[in-house]
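# A look at the structure
One letter stands for each residue in the lines below.
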Amino acid sequence: MKLDSKAPSGPIETAWSHYKDHLKLVNPANRRKHTILMVGTGLGGASAAASLGELGYHVKTFFYHESPRRAHSIAAQGGINAAKNYQNDGDSIYRLFYDTIKGGDYRAREANVYRLAEVSVNIIDQCVSQGVPFAREYGGQLSNRSFGGTQVSRTFYARGQTGQQLLLGAYGSMMRQVKTKNVELYERREMHDVVIIDGKARGIIVRNLITGELESHFGDAVVLATGGYSNVYDLSTSARQSNVTAIWRAYKKGAGLANPNFAQIHPTCIPVSGDYQSKLTLMSESLRNDGRVWVPKKQKDPRAPKDIPEGERDYFLERRYPAFGNLVPRDVASRAAKVACDEGFGVGATGQSVYLDFADAIKRLGHASIESKYGNLFEIYQQITNENPYEVPMRIYPAPHYTMGGLWVDYNLMTTVPGLFAIGEANFSDHGANRLGASALMQGLADGYFILPYTIADYIGGTPLQKVSKDDPAFKEAAKNVQNKIDKLFAVKGGKTIADFHRRLGRTMWDNVGMARNKTGLEKAIAEIKNLRNEFWQNVNVLGDKNNLNPELENAGRVADFLEFGEVMALDALKREESCGCHFREEFQTPENEPMRNDEKFAHVAVWEYQGENQQPARHTEPLSFENVKLTQRNYK
């Protein structure tokens, strides 16, 4: 597998501008002759479809919901970063670039990250012009707040509904192109395979989730904007239908899979409350601006929080990391909470939570001010827990959230398969080993609005693309393989539910490939996942009709893919013998229990290549060089 990052040389401050000036173009009259297949219509997919449609391309979009407005991007609460420096507190494009590289523990490609920071300033203007109702100061200027891993206020927000408002902006822009017939919507479709012809991605096989029919669609390029895979843990903050299937099927067709073990554990989630819970609810990281995280100094303290005096509380993030306090990056905050609970200081009925307390902020700022900033988040918490966070502290605990791994892409956002692009959370490119808060929305919109329209034109304008049709043998072979897998699922007729297998996989992943990992646990996970996968294909029970609407079949296919993907995820974690960002190997830590990187051996991207069914994949590496930041151990103290 050849890994050419195509990262431009020269001064990083002008690299993207210079690079764009030398990309190939497609003239306006020719754009309408080209079809682009867009899989996923969240922030990345909707913004890309809108932009490409505006340019005149014919774009076909595919999504498994009944409306693009149901995409999981809608769940993002806290905000979107941009280096505008509206607060005059020392922010800059370089500062955002540096914070992102450092926050990702120096495991991301410099060129991509700097471009993201550079483009960020344009995203806000784009969204304001679309009518996104960002919060504003009294004088009318857009407001900002802080997020973890930074010492400046650069996060733009719309109360606790930022993802929803940004998605509506992108959706409106895309629907404008639907009206002009430049964009077509194919709702309730799920992608099952990528079709490769002459070494290039030229189409996809999708299943119509209403009729059960398999459909073939062809085009000149395929873009995957299908989000992350944190549901490999079963319980996560992702929407229940979020899955790994699209990128996993692309991996099986030759696309490299990069850093799959880099899965973020978010520190501010409502704790698990029962064995049959379907998902976890995220409380926005923005709450750590005013909320203080603490546990009692006494182990298993039975007292109510209001009865515990100030001197008997341990504000452990403020104690351990005085420079950043409660706004340390997510991986740091999550591990610190885990340690507190593991040592017996956790609170709540299970002891698996810590307090997030707003009493000081309410006293300092007033009830009305806190309500104006976080009101709907407080309402969500109270509706779920029946506890009033204005009167008692929230209880939070880390949970699987964003995934930094994904398909390997070069500077053009193209995978190792020519013509197959991956954007947003579906690729690995910008966040290294840990994503800073409020950067997911930034990356999705940067890729869709400002990067992919340039780079996909370079591919189309510089690549000979012969005509193809659905009658091509490659389409027929791909559709046959998809149907065979569906038939195989129904042929098992076992005695255990799909949910049972997903739940057991999730427990194995959480226990061994979660917040902390070690060699013994990872080897155990690999063995358990293999056994679980074998049992799945011998004893799963898929109910219903394969030729009709059937959510059970949808779930079965996704869990089958998770059972394969989870093994590669654990294998990737096993081979990375260092601690970095969200990847904490217990064997590699400092005397102060902080992560210990190994830059000599692991300052690279690990890229896995599929070698066939039941064969261990090949591991390749893309070396990472750091010419604009100093490679140092992170310190938030």
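In this text the structure is predicted, and so the values were computed from the model without any measurement.

Moving on to the pattern of salt bridges. With the rule as written, the count across this model stands at 51 salt bridges. Measuring nitrogen to oxygen at the nearest pair gives 2.8 Å for the salt bridge that ties D301 to R303. One continuous salt-bridge network, built from bridges that share partners, spans D105, R107, D331, R335, R576, E578, R597, D599 and R634.

Estimates place the volume of the second largest pocket at around 870 Å³. If you go around the second largest pocket, you meet 32 residues; those closest to its centre are W248, K252, E564, Y610 and E613. Residue composition of the lining of the second largest pocket, grouped by class: 11 nonpolar, eight polar and 13 charged.

Take the domain arrangement of the protein next. Taken domain by domain, the protein consists of domain 1 (267–398) and domain 2 (473–623). Summarising the inter-unit geometry, the C-alpha centres of domain 1 and domain 2 are found 32 Å apart. The partner domain 2 presents 11 residues to the 10 residues of domain 1 that form the contact. Summed over both sides, the interface between domain 1 and domain 2 buries roughly 770 Å², with carbon and sulfur atoms accounting for 60% of that surface. The largest share of the area that domain 1 buries against domain 2 comes from D331, R335 and K338, three residues that together contribute 54% of it. Between the two partners, domain 1 and domain 2, sit one salt bridge. For E594, the salt bridge goes to R320, with nearest N and O atoms at 3.4 Å. Taken together, the connections running from domain 1 to domain 2 amount to three residue pairs in polar contact (both at pLDDT 80 or more). Ranked by residue count, the leading element in the side of domain 1 that touches domain 2 is helix α9 (residues 330–342), at four residues.

Here we come to unusual backbone geometry. Most peptide bonds adopt trans geometry, and most residues besides glycine take a negative phi value. Although it is not a glycine, N259 sits at a positive phi angle of roughly 45 degrees. Positive phi is not limited to glycine here, since N593 has a value of about 65 degrees.

It is worth spelling out the side chain of N231 at this point. Its place among the elements puts N231 in the loop between β9 (221–224) and α7 (245–252). Among residues more than four places away in sequence, those in contact with N231 are S236, S238, A239, R240, Q241, S242, H502 and F562.

Applying the stated rule across the entire model yields four cavities of 30 Å³ or more. Of the pockets and cavities examined, the largest cavity occupies roughly 100 Å³. Forming the boundary of the largest cavity are E190, H192, R207, L209, R249, V482, K485, I486, L489, L553, E554 and G557. Among the secondary structure elements, those contributing two or more residues to the lining of the largest cavity are β6 (189–197), α13 (473–492) and α16 (551–575). Sort the elements by how many residues they give to the lining of the largest cavity and α13 lands first, with four residues. The residue makeup of the lining of the largest cavity, split by class, is five nonpolar, two polar and five charged.

Inspection of every chain in the model, using the stated rule, returns 27 aromatic pairs. Look at Y374 and F378: their rings are 6.3 Å apart centre to centre, the planes differ by 10 degrees, and that puts the pair in the stacked class. In this pair, Y374 and F378 both sit in helix α11 (residues 367–385), four residues apart, roughly one turn of the helix. F378 matches Y374 in its accessibility class, with the two residues each being buried. Every member of this aromatic cluster is reached through a ring pair, and the members are Y229, W248, Y251, F565 and Y610. Sitting over the face of the ring of Y411, R115 holds its NZ or CZ atom 4.0 Å from the ring centroid. If you follow K488 out to its NZ or CZ, it ends over the ring of W537, 4.4 Å from the centre.

How each quantity is defined
- Along each chain, residues carry numbers from 1 onward, in the same order as the chain's sequence is written.
- Local features in this predicted model are restricted to residues whose pLDDT is 70 or higher, and side-chain atom pairs enter the listing and the counts only when it is 80 or higher, whereas totals over whole chains, interfaces and linings include all residues.
- Side-chain descriptors were evaluated using all non-hydrogen atoms of the structure, hydrogens and water having been removed beforehand.
- Salt bridges are defined as contacts in which a side-chain nitrogen from Lys or Arg sits within 4 Å of a carboxyl oxygen from Asp or Glu.
- With a 1 Å grid spanning the protein atoms alone, the term cavity applies to any set of points in which a 1.4 Å probe fits but cannot get out, the term pocket to an open set with protein on both sides within 12 Å along at least five of seven lines, and the term lining residue to any residue with an atom within 4 Å of a point.
- Grid points are joined across faces, edges and corners, and a volume is the space filled by probe spheres set on the points.
- As a working rule, the residues Ala, Val, Leu, Ile, Met, Phe, Trp, Tyr, Cys and Pro are called nonpolar, Asp, Glu, Lys and Arg charged, and the rest polar, with Gly in that last group.
- Domains are outlined according to an automatic or database domain assignment.
- Only heavy atoms matter for contacts: two residues are in contact if any of them lie within 4.5 Å across the pair.
- Accessible area that two parts lose when put together, evaluated with a 1.4 Å probe and summed over both, is termed the buried area.
- N or O atoms closer than or at 3.5 Å make up a polar contact, with two conditions inside protein: a donor-capable atom paired with an acceptor-capable one, and, for residues adjacent in sequence, both atoms drawn from side chains.
- For the purposes of this entry, the term helix denotes a DSSP run of H or I that reaches at least four residues, the term strand denotes a run of E that reaches at least two, and both are numbered from the N terminus.
- Note on aromatic pairs: the rings of Phe, Tyr and Trp (six-membered ring only in Trp) are paired at centre separations within 6.5 Å, and the planes decide the class, stacked below 30 degrees, edge-to-face beyond 60, tilted for the rest.
- To sort residues, take the accessible area from a 1.4 Å probe on protein chains only and compare it with the maximum for the residue type: under 20% means buried, over 50% means exposed, and anything in between is partly exposed.
- Sitting over a ring, as applied to charges here, requires NZ of Lys or CZ of Arg to be within 6 Å of the ring centre and within 35 degrees of the ring normal.

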